[in-house]
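# Topology and contacts: notes
The residues making up each chain are set out below.
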Amino acid sequence: MKIKKLLDLSQTFYHNNPGYMPYELTSINYETLKPKDGYTSERIYMNTHTSTHVDAPFHHFPQGKTVAQTPVEQYIGEAVVVDLFGIDAHTAIGAEHLKPYEDIIKEGDIVLLCTGWGYKRDWSSEYCDFWPYLGEDGAQWLFDKKVKGIAIDSMSIGGPKAGEGLMQHELLLGNEIWLGEELFLPEELLEYPRWDFVLLPLKMEGCGGAPARAIALFTE
C-alpha cells in the first residue's frame, strides 16, 4: 500500500482561538522558559469541545460512553465526501442535500460534511453565529444509513441558535454515532469521493469530548 495523498483536516489550537461562545477562551501560556528554567513547557486551559474535537455519547448521556471508552477503531474508516461548498450561512443540511449520495454512503461509513466554513475561521459573526449545520431530517437520514461517524467543518453539528442542535446530538450520540466538529475540510477532498479517514481524540476518561487530530489518506 502506498499513500498517494495525505491531508491534515485539523484546525490549529492557539491562545484565544475562536470557539463556541458560552465557553471560556482557550488559554495557552508558557509555564517554563528555556532562559529561566532550562527548557520550555506550556499549560493549556480550555473546554474539551474546542477547535477540532470529538463528541462522545457522554456529552449528552450521563451513562453513555466517554471518549476513552469508545473503541479507537470507531474513529478510523472509509469516509465519504459530501460537497456542500457554497452553502449559505445558517443553512440546515437536510435530506435533500444528502440524497445525491444515496448510493455512495454505505453502512459503517464516516461522512464528511464539507461546507467550506473551515476557511472562514476567525472571530467574525459569520463564523461564530451563523454556521451551517446538520438539520434534524439530515441527522435522521444519516442515522437511517447506519453511518458510524459524522464530521463537519463548522463550529458544531447543531445550529447556532437555541433549539437547533439537541435532537441531532441525542439521536446520533444516543446510538453511539460519534461526531467530529470544527474540522478543516479543504476543497482538495473533492479530488476523490472516498478517503481513508482517521480522527484520533485524546484518550480522556470522564469526558464527553476531546481535542483530536484528523487526517485523510488516499492510497493505492
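The structure reproduced in this document is the subject of the present report. (Residues numbered from 1 in each chain as written. Predicted model: local features only at pLDDT ≥ 70, side-chain atom pairs only at ≥ 80, totals over all residues. Heavy atoms only, no water.)

For the structure on display, the rule yields eight aromatic pairs. With a centroid separation of 5.6 Å and an interplanar angle of 50°, the aromatic rings of Tyr75 and Trp178 are classed as tilted. Here Tyr75 is found in the loop between strand E4 (53-55) and strand E5 (76-83), whereas its partner Trp178 is found in strand E10 (residues 178-181), with 103 residues between them in sequence. Look at Trp178 and you get buried, because its relative accessible area is 2%. Between Tyr192 and Trp195, the aromatic rings sit 5.3 Å apart at their centres with planes inclined by 75°, giving edge-to-face as the arrangement. Take Tyr192 and Trp195: they sit in the same class, and that class is buried. Here the aromatic cluster, defined as three or more aromatic residues joined through ring pairs, consists of Tyr20, Tyr23 and Trp131. (Phe/Tyr/Trp six-rings, centres within 6.5 Å; stacked < 30°, edge-to-face > 60°. Helix = DSSP H or I, 4+ residues; strand = E, 2+ residues; numbered from the N terminus. Buried < 20%, exposed > 50% of the residue type's maximum accessible area, 1.4 Å probe, protein only.)

To continue, consider the pattern of salt bridges. Think of it this way: side chains of opposite charge can pair up when their charged atoms draw near. Taken as a whole and assessed by the stated rule, the structure comprises 11 salt bridges. Two residues, Lys36 and Asp37, come together in a salt bridge whose shortest N-O distance is 3.2 Å. Given the relative accessible area of 28%, Asp37 is considered partly exposed. The partner of Glu182 in a salt bridge is Arg121, and the shortest N-O contact between them spans 3.4 Å. Linking Glu182 in the loop between E10 and strand E11 (194-201) with Arg121 in the loop between strand E7 (110-114) and helix H3 (125-129), this pair joins segments that are 61 residues apart in sequence. Relative accessible area serves as the criterion here: at 14%, Arg121 is assigned to the buried category. Several salt bridges converge on common partners, so that one network encompasses Lys5, Glu188 and Glu191. (Salt bridge = Lys/Arg side-chain N within 4 Å of Asp/Glu carboxyl O.)

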